[in-house]
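Here are the chains, one letter per residue:
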Amino acid sequence: MEKQEIRQMVEKQRAYFRTGATLKISTRIHALEKLSQCIQNHEKAIEEAIRLDLGKSGFESYMCETGLVLSEITYMLKHIHSLAREKTVPTPLAQFHARSYKKPSPYGVALIMSPWNYPFLLAMEPLVDALAAGNTAILKPSAYSPNTSEVIRHIVKKCFPEKLVTVVTGGRTENTWLLQEHFDYIFFTGSQAVGKEVMRHAAAHLTPVTLELGGKSPCVVDRTANLALAAKRIVFGKFLNCGQTCVAPDYIYCDKAVKSQLIKEIQKQVRRQFGKHPLDKKNYGKIINEKHFNRLTGLMNPAKIVAGGGTCAATLQIEPTIMDNVTFQDKVMQEEIFGPILPVLAYDSFDEAICKINSLPHPLALYIFTQNPRAARKVTTRCGFGGGCINDTIIHLATSEMGFGGFGESGMGSYHGKDGFHTFSHEKSIVDKKTWIDLPMRYQPYRKIYGWLIHLFLR
């Protein structure tokens, strides 16, 4: 797509938005229902596209992508009337007689830029929220997942006119051209490096943004934890999608007294969940491309691998790999891993662990395994992170009832359900002042008694 075509597309959507066509709740509901039906009709095509791009099984594709999008649509259809309703708030006595209310309003033309690791979910779920809030949208899926991007393009074209929703495919050139345009809102999911570029371009137009980034999400395991259960849930969360999940446990930070036993339990769980030869399993996925495969193998120190470590360059696969005796100075701890490599580090005291975590950039997620409620409360209160779980991993993002997002280095803003609707809405504060009475105290000439009255009314 050429630069001029992108500009015309943005202008077409802005003109359509200004007609007010997207403001009707019935129009939004119709769009969401149409999208839901189209996704259901194309479930097999979506499954196959994700398999080609990432090697995911059909079960995992539905559990982690298609099913979650359909769930978000269901939530919006159920709650859209209450979410879009004006909310009356108390009016100060000094403004007698008036009605004060907050009115959710769509921003206008939204740009949604999605990554390759959950290529369907992370493009379509923000789209659901944007449509529910009454915006038009331009979707830019990742060039690294071309099969899923093509299915998304086909579904969107079948469901919506270009003036409401359209898809721009391509790579860095198209990204640059899009970011040079004036959007009313930008929603980006991806790396911190690209997130900074998105924010820099948005600043030129003072465009508000949501950034869903990542970071090194810690998994704290204290000495009271149920180690067998902890290992089972950590292995699930870490190696889902071959570790290519923004909220996957990036590393384990455990009490040194339980480290050896925890590693044994993790080794058992890897064998139980993936078998003795994971690369031979039909449903074991792959790394997205050669660039990331080479990056990941470069993070693996053979001297510290205690499980896994096998790779296949031809299929871009890496076994679930556990590394022991890792320190914060090791190469594997200098960047977000985003792959099936799990370093294990140990702490001497619980307070030491909290202090260390707080000295690092804010992670998108944090997990703690403990049987001690005080320990759980201490970590969740004192550590800064986007969201997380106590005695589990990653499941906090699989609900429309809670917002999902990070802060600081892991992003800004949140979405899912109510939070997603509000992310794509500007809440106007309005006072509707009545005309049958007009209190004189705010007008000149001011009198002493008026000052007393205003002081009384505002208390």
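Each remark here, short or long, concerns the structure printed above.
My aim in this report is to walk through the structure given alongside it, one point at a time. (Residues numbered from 1 in each chain as written. Predicted model: local features only at pLDDT ≥ 70, side-chain atom pairs only at ≥ 80, totals over all residues. Heavy atoms only, no water.)

## Thoughts on the overall build of the protein chain
Okay, so step 1: Across its full length, the protein chain carries 15 helices and 18 strands.
Okay, so step 2: The globule rule puts the C-alpha radius of gyration for 459 residues at 23 Å, and the 25 Å found for the protein chain is close to it.
Okay, so step 3: In terms of its C-alpha atoms, the protein chain occupies a principal-axis envelope of roughly 85 × 55 × 35 Å.
Okay, so step 4: Every one of the 459 residues in the protein chain was classed for burial, and the buried ones make up 52%.
Okay, so step 5: Approximately 21,200 Å² of the protein chain is accessible, and the part contributed by carbon and sulfur atoms is 54%.
Okay, so step 6: Across the protein chain, the 57 positively charged side chains and the 42 negatively charged ones have centroids separated by 5 Å. (Helix = DSSP H or I, 4+ residues; strand = E, 2+ residues; numbered from the N terminus. Rg over C-alpha atoms; globule rule 2.2 N^0.38 Å. Buried < 20%, exposed > 50% of the residue type's maximum accessible area, 1.4 Å probe, protein only. Areas by Shrake-Rupley, 256 points an atom, 1.4 Å probe, with all protein chains shown as cover. Lys, Arg positive; Asp, Glu negative; His and termini not counted. Charge placed at Lys NZ, Arg CZ, Asp CG, Glu CD.)

## Structural notes on the environment of histidine 182
Okay, so step 1: Mapped onto the elements of the fold, histidine 182 is located in the loop between α7 (172-179) and β6 (185-189).
Okay, so step 2: The exposure class of histidine 182 is partly exposed, given its relative accessible area of 38%.
Okay, so step 3: Those residues in contact with histidine 182 that lie beyond four places of it in its chain are Val10, Arg14, His205 and Thr207. (Contact = heavy atoms within 4.5 Å.)

## Considerations on the packing of helix α3 (residues 43-54) against helix α6 (residues 146-159)
Okay, so step 1: Closest axis-to-axis distance for the α3/α6 pair is 7 Å, and the angle between their directions is 155°. Comparing their axes, α6 and α3 come out roughly antiparallel. Contacts between α3 and α6 involve Ala45, Ile46, Ala49, Ile50, Leu52 and Asp53 from the first element and Pro146, Asn147, Thr148, Val151 and Ile155 from the second.
Okay, so step 2: Classifying every residue of the contact of α3 with α6 gives eight nonpolar, two polar and one charged. (Axes fitted to C-alpha atoms, helices over the stretch in contact; angles between N-to-C directions. Parallel < 35°, antiparallel > 145°, perpendicular 65-115°, else oblique. Nonpolar A, V, L, I, M, F, W, Y, C, P; charged D, E, K, R; others polar.)

## What to know about the pattern of salt bridges
Okay, so step 1: In total, this model carries 19 salt bridges according to the counting rule given.
Okay, so step 2: Where arginine 14 meets aspartate 184, a salt bridge forms, and the shortest distance between an N and an O atom there is 3.1 Å. With a gap of 170 residues between them, arginine 14 in helix α1 (residues 3-18) and aspartate 184 in the loop between α7 and β6 connect regions that are remote in the sequence.
Okay, so step 3: Judged by its relative accessible area of 18%, aspartate 184 is buried.
Okay, so step 4: Close ionic contact of aspartate 255 with arginine 223 constitutes a salt bridge, the shortest N to O distance being 3.0 Å. One end of the pair, aspartate 255, is in strand β9 (residues 251-255); the other, arginine 223, is in the loop between β8 (218-221) and α9 (227-239), with 32 residues separating them in the sequence.
Okay, so step 5: Exposure remark for aspartate 255: the relative accessible area of 6% places this residue in the buried category.
Okay, so step 6: Residue classification places arginine 223 among the exposed positions, given a relative accessible area of 54%.
Okay, so step 7: Here the residues in one salt-bridge network are Glu86, Arg99 and Lys103, joined through shared partners. (Salt bridge = Lys/Arg side-chain N within 4 Å of Asp/Glu carboxyl O.)

It is worth stressing that arrangement in space is one thing and function is another; only the former is reported here.
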